[in-house]
Structures are given as C-alpha cells and as structure tokens.
Amino acid sequence: MTDSPRPRDPRTALVDRWRDTLLAARSGAPGRGAGTGPDAGPDAGPDPLPYAENLLARWDEPQRRYHTTAHLTAVLDRIDTLAGYAADVHAVRLAAWFHDAVYRPDRTENEERSAALAERALPEAGVGEAVTAEVARLVRLTVAHDPAAGDRNGEVLCDADLAVLAGNPQEYAAYAAQVREEYGFVPDEAFRDGRAGVLRQLLALPQLFRTPHGAAEWEARARHNLATELELLGSSRDPE
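Reading the values: rules and limits
Residues numbered from 1 in each chain as written. Predicted model: local features only at pLDDT ≥ 70, side-chain atom pairs only at ≥ 80, totals over all residues. Heavy atoms only, no water. Helix = DSSP H or I, 4+ residues; strand = E, 2+ residues; numbered from the N terminus. Buried < 20%, exposed > 50% of the residue type's maximum accessible area, 1.4 Å probe, protein only. Contact = heavy atoms within 4.5 Å. Expected span 1.5 Å × (residues − 1). Arc of directions from axis to C-beta. Salt bridge = Lys/Arg side-chain N within 4 Å of Asp/Glu carboxyl O.

J.: Before we go on, may I ask you to explain the overall build of the protein in this structure?
T.: Of the regular secondary structure elements, the protein holds eleven helices and zero strands. Along the protein, helices and strands appear, N-terminal first, in the series α-α-α-α-α-α-α-α-α-α-α. In the protein, which comprises 240 residues, the proportion classed as buried is 47%. Counting contacts in the protein only where the partners sit at least 6 residues apart, residues at least 24 apart contribute 66% of the total.

J.: Explanation requested: helix H3 (residues 69-82) in the structure shown.
T.: Side chains three or four residues apart in an α-helix point the same way, a direct result of the helix having 3.6 residues per turn. Here H3 contains 14 residues, and its C-alpha end-to-end distance of 20 Å stays within 8% of the 20 Å for a straight helix at 1.5 Å per residue. Every buried residue of H3 is accounted for by His 71, Leu 72, Val 75, Leu 76, Arg 78, Ile 79 and Leu 82. The buried side chains of H3 occupy one side of the element, clustering within an arc of 160° when seen end-on. Structurally, H3 contributes buried residues whose contacts are with helix H1 (10-27), helix H2 (48-59), helix H4 (89-98), helix H7 (152-162) and helix H10 (212-217).

J.: Looking at this structure, I do not really get the pattern of salt bridges. What am I missing?
T.: For side chains bearing opposite charge, pairing can occur when the charged atoms are close. Considering all chains together, one arrives at 17 salt bridges under this definition. A salt bridge links Arg 64 to Glu 61, with the nearest nitrogen and oxygen atoms 3.4 Å apart. Given the relative accessible area of 24%, Glu 61 is considered partly exposed. The salt bridge partner of Glu 112 is Arg 140, with a shortest N-O separation of 2.8 Å. Of this pair, Glu 112 sits in helix H5 (residues 110-124) while Arg 140 sits in helix H6 (residues 129-141); the two residues are 28 residues apart in sequence, bridging distant segments of the chain. Connected via shared salt-bridge partners are Arg 17, Asp 77, Asp 80 and Arg 93.

Below, the structure written as structure tokens:
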C-alpha cells in the first residue's frame with residue numbers, strides 16, 4: 001500500500017500558479033486568443049519568486065478579512081472555470097493577482113493604485129507592454145464590474161470576482177461578515193448606508209454576470225443574496 005501524496009501547502013500552490021502564469025505571459029504563450037508578450041522565451045526575465053512573495057505579503061496584510069489570499073485563490077479558481085471565454089487568460093490571471101494587491105478599506109483609490117503597481121512591476125518582471133496595459137485596464141475595471149459588451153477578458157475577471165455573491169446562505173453570510181470586519185472603524189449606521197448603496201448599485205446592473213456560465217449558474221442566486229442582505233440592512237436599523 002502506497003501513501004497518498006500530501007496536499008500542497010496553499011501558499012506554495014499560489015506561488016506555483018504565479019510562476020506558471022508569469023512565465024506563460026512573458027514567453028508569448030497563447031492565452032486562448034491573443035499572444036501575451038514578446039517572443040523571448042520564459043527564462044528571459046527575472047526570477048518570478050520575489051514578485052510572488054511581494055504580492056502575497058500584500059494579500060496577507062493585517063487589515064484584510066475578506067480581501068485575503070483565500071479570495072485570491074477563489075478568483076483564480078473561477079478564472080480556471082471561465083478560461084474558455086477569455087481572449088487572453090494569462091492577462092486575466094495576472095489581473096486577478098493585482099486587482100486587490102493594494103487594499104486599504106479607508107481609501108477609495110485602491111484599484112487605481114493596484115493598477116499602477118501592475119504597470120510598474122510587470123515590465124520589470126519581463127511582461128510585454130501590451131499585456132501590461134491590458135492587465136492594468138482589467139484591474140481598473142473592477143471599480144464598477146461593468147465591462148463593455150464583447151470585452152471577453154473583462155467579463156471573465158469581473159464574473160470571477162463577483163462569484164462570491166452567488167454562495168450558499170452560509171458562504172454569503174461569512175463573506176458579508178468579513179466585509180463588515182474590514183470596515184470595523186466605520187460606525188454601524190454609516191456602514192449600513194454605504195453598504196446599501198453598494199448593493200443597490202450591483203442590483204441596478206442589467207446583468208451581474210456576463211459570461212454564459214456566470215449568467216446561468218450565478219446570476220439568480222447572487223441577486224437573491226444581494227436583495228436579502230439589503231432587506232436585512234434595512235430591518236437592522238434602530239427603531240425611531
């Protein structure tokens with residue numbers, strides 16, 4: 001009888017995923033559509049490991065409760081599910097790594113600063129100009145999660161990021177509680193008002209999910225969860 005292989009440490013698995021994506025992006029390997037970099041070979045750039053360590057250190061910052069490496073892993077897993085819809089899945093995966101790399105819940109420019117980080121780090125890591133620009137564009141798209149029609153990369157990233165909204169009741173409650181923890185410095189009434197505004201903005205989108213898989217598998221459940229949370233926020237106000 002042989003021993004079963006030990007499961008990989010989650011952090012090691014993330015480092016491996018980063019390395020594979022970065023090497024594919026800078027080698028020009030096809031990403032189910034557009035090429036992803038200069039045809040220079042995967043070894044024609046710096047060691048991927050320091051970049052992975054820097055990004056993971058950011059995702060491990062103590063102010064995070066929801067926007068953690070668990071969220072990063074979940075987004076990457078969903079991109080794997082949706083990969084066939086992307087024009088350049090390597091660029092989408094890189095955008096997932098950067099989309100919350102800068103995260104301070106008391107600031108409003110997190111996506112812009114995360115995109116700027118990608119614009120600095122990716123060329124240094126050997127990624128070509130066109131893919132770097134696409135990654136930064138995708139990161140900025142997560143401000144509103146409203147990609148234009150036909151934006152296949154944007155649809156995949158936004159669907160993967162929003163798929164948490166389609167969890168079962170326990171999963172959604174855990175997500176909502178983690179978001180509240182991240183905004184623990186905000187008084188209850190102000191948080192309720194701000195959170196309700198976010199929920200209404202999401203519910204006002206004609207579609208939350210743009211890929212065929214997302215629309216079929218996640219849309220109805222996500223809308224139910226959002227509407228339920230919005231109702232609970234209203235009912236939790238102190239009586240007059």
